[in-house]
Amino acid sequence: MGNTVRSLKAKLSSLPPGMAEDQAKTALVEHLDEYARVKIIGAAEVIRDTLLSSLQAGVHGEGVVLTFGWSSLLAPALTLLPSEGSRRFRVVVVDADPL
């Protein structure tokens, strides 16, 4: 979250002082959309691709995927694995009581 705020502050300080409020808002929303696409969605795609390639390669026999709680990234990625010719793997979900 801190990186997002710093990025937004940097963009805000780079806007011309005389820019209309509506234009400034549009520029900031576009910046946030681009930030989310590159930094968040892009990172999720890299994680997904790395997971899939590791499972398909079968690192050291039967693979184990360990996740803390339900993962919105992991569940769809596992459904992308082809059923034929894939290596065997286990999924372990660790969870804890609320603090």
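Please refer to the structure placed before this passage.
Fair warning: this is a prediction, and the values are worked out from it, not measured in the lab.

A. Quick peek at the overall build of the chain. When you go through the chain residue by residue, the secondary structure sums to 3 helices and 2 strands. Put simply, the chain runs from its N terminus to its C terminus through helices and strands in the order α-α-β-α-β. The buried share among the 99 residues of the chain stands at 19%. Partitioning the intrachain contacts of the chain with sequence separation of at least 6 by distance along the chain shows that 70% fall at a separation of at least 24. Accessible area for the chain stands at about 7700 Å²; split by element, carbon and sulfur atoms hold 59% of it.

B. The nonpolar core, seen in detail. In this structure, Leu51, Leu52, Leu55, Val65, Leu74 and Ala77 together form the largest nonpolar core, which totals 6 residues. Broken down by secondary-structure element, the contributors of at least two residues to this core are helix H2 (21-57) and helix H3 (74-79). Considering every element that reaches this core, the biggest residue donor is H2, with 3 residues.

C. Expanded view of the environment of Leu51. Relative to the helices and strands, Leu51 resides in helix H2. Along the sequence, Leu51 and Ala77 sit 26 residues apart, while their C-alpha atoms lie 7.8 Å from each other.

D. Seen up close, the side chain of Thr67. Here Thr67 shows up in strand E1 (residues 63-68). The buried category is assigned to Thr67, whose relative accessible area is 14%. From its side chain, Thr67 meets the backbone oxygen of Gly69 in a polar contact 3.4 Å long. With residues near it in sequence (within four places) discarded, Thr67 still touches Leu74, Val92, Val93 and Val94.

E. Inspection of the environment of Ile47 at higher detail. Tracing the chain through its elements places Ile47 in helix H2. For Ile47, a relative accessible area of 49% gives the class partly exposed. On a C-alpha basis, the gap between Ile47 and Ala77 in space is 9.5 Å, while along the polypeptide they are 30 residues apart.

F. Spatial organisation of a nonpolar patch on the surface. Taken together, the side chains of Val64, Leu66, Phe68, Val92 and Val94 make up a nonpolar region of the molecular surface, amounting to roughly 460 Å² of accessible area. Among the secondary structure elements, those contributing two or more residues to the nonpolar patch are E1 and strand E2 (89-94). Among the elements that make up the nonpolar patch, the one with the highest residue count is E1 (3 residues). Mapped onto the elements of the fold, Leu66 is located in strand E1. Relative accessible area serves as the criterion here: at 61%, Leu66 is assigned to the exposed category.

Parameters and conventions
- Residues numbered from 1 in each chain as written.
- Predicted model: local features only at pLDDT ≥ 70, side-chain atom pairs only at ≥ 80, totals over all residues.
- Heavy atoms only, no water.
- Helix = DSSP H or I, 4+ residues; strand = E, 2+ residues; numbered from the N terminus.
- Buried < 20%, exposed > 50% of the residue type's maximum accessible area, 1.4 Å probe, protein only.
- Contact = heavy atoms within 4.5 Å.
- Areas by Shrake-Rupley, 256 points an atom, 1.4 Å probe, with all protein chains shown as cover.
- Core = buried A, V, L, I, M, F, W, Y, C linked by side-chain atoms within 4.5 Å.
- Polar contact = N/O pair within 3.5 Å; in protein donor to acceptor, adjacent residues only side chain to side chain.
- Patch = residues over 30% accessible without salt bridge, like charges linked within 9 Å, V, L, I, M, F, W, Y side chains within 5 Å.
- Salt bridge = Lys/Arg side-chain N within 4 Å of Asp/Glu carboxyl O.

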